[in-house]
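The chain contents come next:
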Amino acid sequence: QVQLVESGGGLVQPGESLRLSCVASGFTLRAYTIGWFRQVPGKEDEGVSCISDRDGSTYYADSVKGRFTISRDNAKNTVYLQMNSLEPEDTAVYYCARGGPSVSVQAMCVQNDHFGSWGQGTQVTVSS
């Protein structure tokens, strides 16, 4: 059974940091491109960041570039999203998802239909 379980969300003030975790089970995470997406009610899902299965190359949405960092710990079968300098606009439910082999991590990350398995999501709220 393929499972992706997100954790690490919470309520923080602007400028603070959170680290989200995505723990995979039922498959070897290293063999797949993994993405972080976020959803706000009434808006389309946004591909925040993705990491390639092939060479570890990464993609970041312009809105988070320089503030967020995606990483992978193969031994723990876990992908992380370190979120620094959080802004109210970052408030969303964050999901991790499993995609297929990556040729272009950017091309995959900008469209969520490249990802077939999703976690349950974790809420991130940034507010004063």
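The rules behind these values
- Residues numbered from 1 in each chain as written.
- Predicted model: local features only at pLDDT ≥ 70, side-chain atom pairs only at ≥ 80, totals over all residues.
- Heavy atoms only, no water.
- Helix = DSSP H or I, 4+ residues; strand = E, 2+ residues; numbered from the N terminus.
- Rg over C-alpha atoms; globule rule 2.2 N^0.38 Å.
- Buried < 20%, exposed > 50% of the residue type's maximum accessible area, 1.4 Å probe, protein only.
- Contact = heavy atoms within 4.5 Å.
- Areas by Shrake-Rupley, 256 points an atom, 1.4 Å probe, with all protein chains shown as cover.
- Lys, Arg positive; Asp, Glu negative; His and termini not counted.
- Charge placed at Lys NZ, Arg CZ, Asp CG, Glu CD.
- Disulfide = S-S within 2.5 Å.

### Side note on the overall build of the protein chain
On a plain count of helices and strands, the protein chain comes out with one helix and 11 strands. Seen in sequence order, the protein chain has helices and strands lined up from the N terminus as β-β-β-β-β-β-β-β-β-α-β-β. Over its C-alpha trace the protein chain gives a radius of gyration of 13 Å, about what one expects of a compact globule, namely 14 Å for 128 residues. Summarising its shape, the C-alpha atoms of the protein chain cover approximately 40 × 25 × 25 Å along the three principal directions. Taking all 128 residues of the protein chain together, 44% fall into the buried category. Long-range contacts, defined as pairs at least 24 residues apart, comprise 59% of the intrachain contacts of the protein chain with a sequence gap of at least 6. Accessible surface, the protein chain as shown: approximately 6,400 Å² in total, 45% of it carbon and sulfur. Each charge sign in the protein chain was given a centre, from 10 positive and 13 negative side chains, and these centres are 7 Å apart.

### Description of the environment of G26
By secondary structure assignment, the location of G26 is in the loop between β3 (18–25) and β4 (34–39). With 25 residues separating them in the primary sequence, G26 and Q1 have C-alpha atoms 5.2 Å apart.

### A look at the state of the cysteines
Evaluation of the coordinates by the stated rule reveals two disulfides. One disulfide bridge connects C22 with C96, the sulfur atoms lying 2.0 Å from each other. For the disulfide bridge between C22 and C96, the dihedral angle about the S-S bond is near 70 degrees, and by the sign convention the bridge is right-handed. Here the residue C22 occupies a position in strand β3, and C96 occupies one in strand β9 (residues 92–99), the gap between them amounting to 74 residues. A single burial state applies to C22 and to C96, both of which are buried. Counting only the cysteines that form disulfides, in the order they appear in the protein chain, gives the pairing 1-3, 2-4.

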